[in-house]
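# Reading the structure
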Amino acid sequence: MGSAPGQGGQQAGVGGMLTSFLPLVIIMFIFYFLLIRPQQKQQKTHKEMLSKLKKGDLIGVRGPFGSHWPVKEAIGNDVVIIAGGIGLAPLRPTIYKILSMRQQFGKIILLYGTRTPADILFRRELEKLRSRLDIDIYVTVDHATPVWKGNVGVVTTLIQRSPFDPFNTTALICGPEIMMRYTISELTKRDVKSENIFVSMERNMKCAVGFCGHCQYGTKFICKDGPVFNYEQIKDLFGKREL
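Residues numbered from 1 in each chain as written. Predicted model: local features only at pLDDT ≥ 70, side-chain atom pairs only at ≥ 80, totals over all residues. Heavy atoms only, no water.

Here the focus is the packing of helix α2 (residues 88-100) against helix α3 (residues 123-130). Remark: α2 packs on α3, axes separated minimally by 13 Å, with the N-to-C direction vectors making an angle of 25°. Taken together, the axes of α2 and α3 are roughly parallel relative to one another. At the point where α2 passes α3, the crossing takes the left-handed sense. Where α2 abuts α3, its residues Leu88, Arg92, Ile95, Tyr96 and Leu99 lie against Glu125, Leu126 and Leu129. Considered class by class, the residues forming the contact of α2 with α3 number six nonpolar, no polar and two charged. (Axes fitted to C-alpha atoms, helices over the stretch in contact; angles between N-to-C directions. Helix = DSSP H or I, 4+ residues; strand = E, 2+ residues; numbered from the N terminus. Parallel < 35°, antiparallel > 145°, perpendicular 65-115°, else oblique. Left-handed = near helix turned anticlockwise from the far one by under 90°. Contact = heavy atoms within 4.5 Å. Nonpolar A, V, L, I, M, F, W, Y, C, P; charged D, E, K, R; others polar.)

Take a look at the structure:
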């Protein structure tokens, strides 16, 4: 006896579905055994090693990886540091480094923008830095409260009135990507050269050595070639969607 026509078509349909899913299953299988499983084993090994550590044991630390803010390259220039939101945190050590070499720079200007006064990071430190008189600090908020007496507006509004020499300026920028895009636009309007503009890019990272590809940005890797880039290096990619 032969199978009913309906049963034969149903079996062919199921077989076709399994065949179409087979390449995906193979890819997932390879991905798991080549990437996920080794990482899980490595994490387990790290945890076991950490649990066995005792006071006085010697440990080795690798890093930091990637690029850095161009402090030495900026010597002799005015330095304009522009931060948005939590973007001030990655710039904070650089601010102190530059101030420790204060005599080697021209004007030092910090432009910092947050959403509200409550979102301002390192408020006490900023107030203390203002008392030095050798750094100009301008803070602005998007949305003011009744007790806020400072600037209101996005951080880019501070650029046109900042007292720096655009032909002798190094700009360091860190913040949301859209904020950095408009910041660069305002800086170029003031004739700051693109090769003197540096941005800190952010993408999801895993391996930190350019192997896994999670942070690929065009032909570059944020973890390996960045996170700090000269704008001239990435201006053809910067601002493009899904990159």
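Structure's up, so let's keep going.
A few words on the pattern of salt bridges. Taken as a whole and judged by the stated rule, the model has six salt bridges. In this structure, Arg92 and Glu125 form a salt bridge, with 2.9 Å as the shortest nitrogen-oxygen distance. In this pair, Arg92 is assigned in helix α2 and Glu125 in helix α3, connecting sequence segments 33 residues apart. A relative accessible area of 24% places Glu125 in the partly exposed class. Of the charged contacts, one joins Arg132 and Asp134 as a salt bridge, the two residues approaching to 2.8 Å between their closest N and O atoms. Because the salt bridges share partners, they merge into one network encompassing Arg102, Arg132 and Asp134. (Salt bridge = Lys/Arg side-chain N within 4 Å of Asp/Glu carboxyl O. Buried < 20%, exposed > 50% of the residue type's maximum accessible area, 1.4 Å probe, protein only.)

Time to look at the packing of aromatic side chains. Per the stated rule, a full pass over the model turns up one aromatic pair. Look at Tyr231 and Phe238: their rings are 5.9 Å apart centre to centre, the planes differ by 90°, and that puts the pair in the edge-to-face class. Each member of the pair Tyr231 and Phe238 is classed as buried. A cation over a ring is seen here: Arg92 above Phe122, with NZ or CZ 5.0 Å from the ring centre. When the ring centre of Phe164 is taken as origin, the NZ or CZ atom of Arg190, which lies over that ring, is 4.0 Å away. (Phe/Tyr/Trp six-rings, centres within 6.5 Å; stacked < 30°, edge-to-face > 60°. Lys NZ or Arg CZ within 6 Å of the ring centre and 35° of its normal.)

Formed by 28 residues in total, the largest nonpolar core has its most connected members in Ile81, Ile95, Ile98, Phe105 and Leu172. At the level of secondary structure, the elements contributing two or more residues to this core comprise β1 (78-84), α2, β2 (108-114), α3, β3 (136-141) and β5 (169-174). In terms of residues, this core owes the most to one element, α2, which gives five residues. With residues near it in sequence (within four places) discarded, Leu172 still touches Trp69, Pro70, Val79, Val80, Ile81, Ile82, Leu91, Thr94, Ile98 and Phe198. (Core = buried A, V, L, I, M, F, W, Y, C linked by side-chain atoms within 4.5 Å.)

Looking now at the pairing of β2. Burial analysis of β2 places seven of its seven residues in the buried class, which makes it a mostly covered element. Side chains of β2 alternate between two faces, with Ile108, Leu110, Tyr112 and Thr114 and Ile109, Leu111 and Gly113 buried alike. As paired strands, β1 and β2 are joined by six bridges and run parallel to one another. Looking at β2, one finds that Ile82 is bridged to Leu111. In this fold, β1 hands off to α2, which returns the chain to β2; that crossover is right-handed. (Pairing = 2+ DSSP bridges. Right-handed = clockwise from strand over helix to strand, strands pointing away.)

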